Amino acid sequence: MLSLLNHSRRRKQQHIRCFHHRHSPHQVSFKSVKMVFSRFLRLILLLSLVSSSFSYTTSPSNFTASDQTLRPQEEIQKLKLIRNELLKINKPAVKTIQSSDGDTIDCVPTHQQPAFDHPLLHGQRPMDPPEMPKRYSKDDESCEDSQLWSLTGESCPEGTVPIRRTTEHDMLRASSVRRFGRKIRRVRRDSTSNGHEHAVGYVSGRQYYGAKASINVWSPRVTSQYEFSLSQIWVIAGSFTHDLNTIEAGWQISPELYGDTYPRFFTYWTSDAYRTTGCYNLLCSGFVQTNRRIAIGAAISPRSSYKGGQFDISLLIWKDPKHGHWWLQFGSGALVGYWPAFLFTHLRQHGSMVQFGGEIVNTRPGGSHTSTQMGSGHFAGEGFGKASYFRNLQMVDWDNTLIPVSNLKILADHPNCYDIRGGTNRVWGNYFYYGGPGKNPRCP
């Protein structure tokens, strides 16, 4: 299990409004004047690029960019690379929706989304909805699907999918432009060495064809731009050295990836242990979205509050027995889309492990443990309304049937910082509470 924990990787990331500087130089007939003026404009552009690259403010919390300094020519090359990447990621939209959290949602024709840049999908259309697992029923307790951008009352038209627009500032925050939207590869497998800490429930030792759970949604505090806090489901196969296959979905707060501290619905996949394949959301060719009302990477609303209202989202991942693709459902009956079977090696057949739970990154600011929270920021023992939970944990078996999880094991690798407590009852089935505050007297 420790091997698994160390390979559930970092997530990084949001949206900051981009300021473009446009100049319209006057045409003059004197070459020397034109040359001087051209050099002047070049200097102004370089100064503006350097300034915007290293000093900006995010909302709702402030984060300062890296102090790394680039020479002007390097900065120009970086900007060119970013613009080329943005052309790949951002597709022409037939409609644009502005969200209250600052996101821009583009309604992109379904067949023009990033997935169809893949050579094996080029020129194709999305698959029809698959057969649902047997014994599936909508979760009556789960709140309706809701994202901040949809509260505008607008939606994407038929034949399109909503895609959160990626900006230059999103990419400038990334530690590597070329690996933007991907997890950072790690050499060491020990979970205590790479800064990732977990409180999880997991099952292994059988063949798994899917998983389902309802996940409590909170807004835990994340204290550094380069840390994150997430809660998710992992479906896993392969070894932990070079051919690890994972499918991942849940909610996360990641200032580096998204530029703010909103909990956001996200997906991830890899087929080679996070080396060269896979990405978050729709930031590469892979996941095929089919839903026009749910934007992957968009903020979730409402969120739970301490001793107040509780909100959770129901997620179901399962393998279509007819075509072998892995489908994702968000909320009560809303199919989001699918990961094509050809993306994977081991997961073309089935999963060998499923994991549920929370993860944070601890950068040890000032030499002590981070105060980044997991779940609600409170320990599992506080219970309902105070601690975060996963409930109604289920698996999909070889016969495409949803069954309760059996032999669930729980593990917290830093229990004085974040812990977990499991249980079973008639209403919630298999469940657990998890999380914690991070730094505290027992977690210095």
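If you look the protein up in an unreviewed UniProt entry, it shows as Neprosin PEP catalytic domain-containing protein from Brassica carinata.

Q: Provide a residue-level description of the overall build of the protein, including the pertinent values.
A: Across its full length, the protein carries five helices and 19 strands. Entry remark: accessible area of the protein is about 19100 Å², with carbon and sulfur atoms responsible for 52%.

Q: Kindly report on empty space enclosed by the protein, identifying the contributing residues and their values.
A: Taken as a whole, the largest cavity holds about 130 Å³ of empty space. As for the largest cavity, its lining consists of 13 residues, and the residues nearest its centre are Arg164, Thr166, Asn281, Leu283 and Ile296. Among the secondary structure elements, those contributing two or more residues to the lining of the largest cavity are strand S3 (160-164) and helix H5 (255-258). Within the lining of the largest cavity, the residues separate by chemical class into eight nonpolar, three polar and two charged.

Q: How would you summarise the state of the cysteines if you had to cite specific residues and measurements?
A: With the rule as written, the count across this model stands at three disulfides. Cysteine 107 shares a disulfide with cysteine 156; S-S distance 2.1 Å. Measuring the twist about the S-S bond at about -80°, one finds the cysteine 107-cysteine 156 disulfide to be left-handed. Of this pair, cysteine 107 sits in strand S2 (residues 104-109) while cysteine 156 sits in the loop between S2 and S3, and the two are 49 residues apart along the sequence. Note on cysteine connectivity: cysteine 279 is disulfide-linked to cysteine 284, with sulfurs 2.1 Å apart. Sign of the S-S torsion, about -80° for the bond between cysteine 279 and cysteine 284, identifies this disulfide as left-handed. With respect to class, cysteine 279 is no different from cysteine 284; both count as buried. Taken N- to C-terminal, the disulfide-bonded cysteines of the protein are connected 1-2, 3-4, 5-6.

Q: I'd love a proper account of unusual backbone geometry, names of residues and values included.
A: Each neighbour pair has its own omega, and for serine 301 with proline 302 the value is 0°, a cis peptide bond. Along the chain, proline 302 falls in the loop between strand S10 (288-289) and strand S11 (312-319). Even without glycine at this site, alanine 273 takes up a positive phi of about 60°. Mapped onto the fold, alanine 273 is located in the loop between strand S8 (264-270) and strand S9 (279-280). Notably, tyrosine 274 is not glycine yet its phi reads approximately 70°, a positive angle. Secondary-structure assignment places tyrosine 274 in the loop between S8 and S9. A relative accessible area of 2% places tyrosine 274 in the buried class.

Basis of the calculations
Residues numbered from 1 in each chain as written. Predicted model: local features only at pLDDT ≥ 70, side-chain atom pairs only at ≥ 80, totals over all residues. Heavy atoms only, no water. Helix = DSSP H or I, 4+ residues; strand = E, 2+ residues; numbered from the N terminus. Areas by Shrake-Rupley, 256 points an atom, 1.4 Å probe, with all protein chains shown as cover. 1 Å grid on protein atoms, 1.4 Å probe; cavity = no way out; pocket = protein on both sides within 12 Å on 5 of 7 lines; lining within 4 Å. Points joined across faces, edges and corners; volume = space filled by probe spheres on them. Nonpolar A, V, L, I, M, F, W, Y, C, P; charged D, E, K, R; others polar. Disulfide = S-S within 2.5 Å. Buried < 20%, exposed > 50% of the residue type's maximum accessible area, 1.4 Å probe, protein only.

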